[in-house]
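Geometric and topological summary
One letter stands for each residue in the lines below.
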Amino acid sequence: MRTRVLTAGAASLADYEIVEMLLFYGIPRRDTKPMAKALINRFGSLAALLSASSDALHGAGLTDGTALPLMLPACAAACLSRQEPVTRAHVGDWDAVMTYCDIMLADAPPGQLRILFLDSGNHVIADEPLPATLDGGELDALQRHILLRALDVHATAFVGVRIASSWPPSPGQIDRDTVLMQAISHHAQTLSLTVQDHLLLGRGRWISLRQERRL
């Protein structure tokens, strides 16, 4: 079967043979064909078997070592199905950040708070507006949402961007954003995350909390 996969691809195998090969890595030196056929009959199809939960596989009598190879194809398929951006904007210096904001955030609504999540090379891996339900919410909820999203997208740093409702921004807005970013920066350090800056933008002008020494 290994030779057939290498020469003709996995499509040359019957469904039970695919399961048979996966089971072999959890049960070496044993004929796994009967178990493979029994599992497909139990779950109804190859797709149902390979997408089954660990509890369901354990319920079928499989050990952790036997169940794991059957769970890996679904994990790999989920990773492959994630839509990756064709390009990731590089914002490694101040001019690049401002160019990105001028182009990508030109139509962002006034008052919106956005977070630019960055990888270790200062590429934008996610640019997300804060949900309206959180934008005016409690400080703890805002912090938690931003930090969890940073971990979820595997960011190492982020930049906050506030689209100012008026220019200049009100002192109250600047103070609120400062408190939020200072609090996030404090907790981010324990997660190996960096708050690079927070910008307030409006009418082609900007205020940087980093340059204002508020971060």
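Here, the structure is the one placed above.
None of these values were measured; they are calculated from a predicted model.

1. Considering the pattern of salt bridges
This structure, assessed with the given rule, holds five salt bridges. Two residues, R114 and D127, come together in a salt bridge whose shortest N-O distance is 2.9 Å. Separated by 13 residues along the polypeptide, R114 in strand β1 (residues 113–118) and D127 in strand β2 (residues 124–129) bring together distant segments of the chain. Accessibility expressed as a relative area gives 21% for D127, which makes it partly exposed. A salt bridge links R149 to D152, with the shortest nitrogen-to-oxygen separation between them at 2.4 Å. With R149 and D152 both in helix α9 (residues 139–152), this residue pair falls three residues apart, about one helical turn.

2. Describing the packing of aromatic side chains
Per the stated rule, a full pass over the model turns up two aromatic pairs. Ring geometry for W94 versus W206: centroids 4.8 Å apart, planes at 70°, classification edge-to-face. Here W94, found in helix α7 (residues 94–104), pairs with W206, found in strand β5 (residues 205–208); they are 112 residues apart in sequence, far enough to count as distant. What makes W94 partly exposed here is its relative accessible area of 27%.

3. A few points about the nonpolar core
Counting residues in each nonpolar core, the largest one holds 19 residues, and the members touching the most others are F117, I146, F158 and I184. Leaving out residues up to four positions away in the same chain, I146 has contacts with I115, F117, L130, F158 and I184. With 16 residues, the next largest nonpolar core counts V91, A157, V161 and I163 among its residues.

4. Here we look at the pairing of β1
Among the six residues that make up β1, six are buried, leaving the element largely enclosed by the rest of the structure. Side chains L113, I115 and F117 project from β1 onto one buried face, and the interleaved R114, L116 and L118 project onto a second face that is buried too. In this sheet, strand β3 (residues 157–163) lies alongside β1 in antiparallel orientation, the contact comprising six bridges. Residue pairing in the sheet places F117 in a bridge with F158 of β3. Note that β1 and β2 share five bridges and pair antiparallel.

5. A word on the environment of H123
By secondary structure assignment, the location of H123 is in the loop between β1 and β2. In this structure the C-alpha to C-alpha distance between H123 and R88, which are 35 residues apart in sequence, comes to 5.6 Å. Those residues in contact with H123, other than ones at most four positions away along the chain, are R88, A89, H90, F117 and L118.

Conventions we followed
- Residues numbered from 1 in each chain as written.
- Predicted model: local features only at pLDDT ≥ 70, side-chain atom pairs only at ≥ 80, totals over all residues.
- Heavy atoms only, no water.
- Salt bridge = Lys/Arg side-chain N within 4 Å of Asp/Glu carboxyl O.
- Helix = DSSP H or I, 4+ residues; strand = E, 2+ residues; numbered from the N terminus.
- Buried < 20%, exposed > 50% of the residue type's maximum accessible area, 1.4 Å probe, protein only.
- Phe/Tyr/Trp six-rings, centres within 6.5 Å; stacked < 30°, edge-to-face > 60°.
- Core = buried A, V, L, I, M, F, W, Y, C linked by side-chain atoms within 4.5 Å.
- Contact = heavy atoms within 4.5 Å.
- Pairing = 2+ DSSP bridges.

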